[in-house]
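Structural overview for review
Single-letter residue listing:
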Amino acid sequence: MGSRPLLLELQEERGLLLHAALVEQEEDEEEDEEGSEESGGTSRAEPQTMPTFDVPYFRYIDDEGTEGEEEWSSSRSLSSIGRDSSADSVVSDRYAVVSGTPEKILEHLLSDMTLEDDRGTTQAKESDMLLDDFLLTYPVFMSTGDLCQALLGHYCTKRHRAKEDAKEALERKQKVLHLVWHWMSLCKGFLREDEHVKVFLKSLHRCVLDDLYEHPALERDVTELQKLYQLRRRHTVDDDSPHRNSRTLFHQLSVKENGLRPRSTQRESKEVLCRVYVTLDSYLSAKVRCEVVAQELLQEVAERIDVAASELILVAITYPGGRLLLQPQDRVFSNSLRPVGRLHVCRKDLSEVLNPFRDNSDMQQRTARVLNLNTWDVAVALTNFDWTIFNSMHEQELVYFTFNRNVCSSHTKSLELLLQRCNEVQLWVMTEVLLCPTLCKRVQLIKKFIKIAAHCKAQRNLNSFFSIIMGLNAAAVSRLSQTWEKIPGKFKKHFSELETVTDPSLNHKAYRDSFKKMKSPKIPFLPLVLKDITFIHEGNKTFHDNLVNFEKLHMIADMARFIRECQQDPVGNGIAQKSSSEVRAYIDYLHVIDNQQTLFELSHRLEPRA
């Protein structure tokens, strides 16, 4: 009796979407002989047409090679997977879900899940990987409400379970609860205000309490649910009140330890970035508390630009032509952490505070202030700033950002802030160089930025490193030939070596190799991460024949786990360092010009065309 593995790989349009199927056929020599005798040994049995069922597709992974592979039509049924029911075949087969309906993928996930007694085995690790893939990417193919309903159904249903004994029922319920613990711990930042989750936890808590008499082993799960739901053991809480305990529902959401680091949302960090325009085309990028009021913000800006706060007012442009004068105690940010409008600081006569084209001593003082800062301290402050945002970023933000689903902006808040910061650091480098009026000072400034970029790389902050290098390579700065000619050869060579890391050839191979060698925690160049995940998204179909392309979602989940790995600090390497208050105050309020035409005008003013 022999067993032959068959691998179905159908390469779709772009060569990136795989549909695979496992078909195991058992050749019974005795039956074949009998069949050949009856037919005279000359005729063959006609191939049997297999119906198509709504089941997940599977890809068989044969560790011993792929000899004897046969291609099958994708329209054929995959139910033939179960033809060989021998124990040896079951043990030797390893498979991965490639595509299927959301319900069937969830059913397969629960059926293959291993509980605590089986942790550490190869099967358990593969099951955990599939579980992580599912929980990171489920918003692509089902809503949170649908997932809650499906999980509650799997916990409570008795459909098709007539022969299920008490042990099997307990195992089924524990698997659902294990998935819930993992889900809550992984995605709690996004589920904090979700009404579907609140109702789901109420219902699940009620169901587990009802099962406690029949299954005493669920006692620990009841305790964990009470930590989630903030309920007392006694039934004195009005379960029908949807508002009770809603504010503190997830306050103690530190359930089973499964290696996932607790997350902090941007709201919990109490700090946000806001742009305060000081001219029509330049602004201060200010790091402030989300509860900041107009008077506090105005005072911070006044100190940064060396103008008395009594001479300034804060105006919000709410719509084209509409202006709102903010009173001293008016809040600058709404509850959604968005500013009330485009913020402008101007003098009381509505004139601009600064004029970058005006020759005065302010520009000399500005350059002197930057040159007096220690380059290592500046790099530390930049890294600390980026790390605060990056560490609060949830890996699932990549999924929401990539698929552009209609969700509230808080789901991608940290990701958007880090992208904003990347652009602002690049513009800051250009602004500082182009606002420096004298040649010798510009040379010193460029040398300083080269040092800062090298320090950022040494501190494993590739986001700011790329931003500084791109700022120096920007057309408005790189065209300053007289300035670059004065840069010493040693600095030019060092800058050339740093540029090599940013070389985009061979899909940024130099950067990828360099970043791979760095120990965690580390901050990647986020735009390149988004480029990679966008390539996966655009190059593969999310659905095929109304089935979820789970192979694509696995690749998306791998990109999300990459963010998680960069944030981990298993041996206490620690990326954040102590920085001086003076440098920190400067970095927290970067003055940038975001108008390319203005930047080029400044560049031509410094070195006119020949």
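Structure report, in brief. Treat the numbers as computed from the prediction; the structure is a model and nothing was measured. (Residues numbered from 1 in each chain as written. Predicted model: local features only at pLDDT ≥ 70, side-chain atom pairs only at ≥ 80, totals over all residues. Heavy atoms only, no water.)

A word on the overall build of the protein chain. Secondary structure assignment for the protein chain yields 24 helices and 14 strands. Burial analysis of the protein chain (610 residues in total) assigns 50% to the buried set. Accessible surface, the protein chain: about 31,100 Å² in total, of which carbon and sulfur atoms supply 49%. (Helix = DSSP H or I, 4+ residues; strand = E, 2+ residues; numbered from the N terminus. Buried < 20%, exposed > 50% of the residue type's maximum accessible area, 1.4 Å probe, protein only. Areas by Shrake-Rupley, 256 points an atom, 1.4 Å probe, with all protein chains shown as cover.)

With the rule as written, the count across this model stands at 17 salt bridges. The closest approach of N and O atoms between Lys 509 and Asp 513, which form a salt bridge, is 2.7 Å. Residue Lys 509 and its partner Asp 513 are located together in helix α20 (residues 505–517), separated by 4 residues, close to a single helical turn. Asp 513 gets classed as partly exposed once you look at its relative accessible area, which sits at 33%. Members of the salt-bridge network, linked through shared partners, are Asp 132, Asp 133, Glu 395, Asp 558, Arg 561 and Arg 564. (Salt bridge = Lys/Arg side-chain N within 4 Å of Asp/Glu carboxyl O.)

The next point concerns the nonpolar core. If you look at the biggest cluster of nonpolar residues, it comprises 127 residues, and the most contacted ones within it are Phe 134, Trp 183, Trp 428 and Ile 468. Of all the elements, helix α14 (residues 413–434) adds the most residues to this core, at 12 residues. Val 288, Cys 290, Ala 294 and Ile 305 belong to the second-largest nonpolar core, a separate cluster that totals 25 residues. (Core = buried A, V, L, I, M, F, W, Y, C linked by side-chain atoms within 4.5 Å.)

Before going further, it helps to spend a moment on the environment of Phe 449. The residue Phe 449 is located in helix α15 (residues 439–458) in this model. Linking Phe 449 and Ile 468, residues 19 residues apart in sequence, is a C-alpha distance of 7.1 Å.

Before going further, it helps to examine the sheet that holds strand β11 (residues 342–347). With respect to topology, 6 strands assemble into an open sheet ordered β10-β9-β11-β7-β8-β14, the strand pairing being mixed. The outermost strands of the open sheet, each flanked by one partner alone, are β10 (322–325) and β14 (589–593). The mean angle between the axes of side-by-side strands here comes to 35°, regardless of whether they run parallel or antiparallel. Both strand β7 (residues 271–277) and β11 contribute to a ladder of 2 bridges, which runs parallel. (Pairing = 2+ DSSP bridges. Axes fitted to C-alpha atoms, helices over the stretch in contact; angles between N-to-C directions.)

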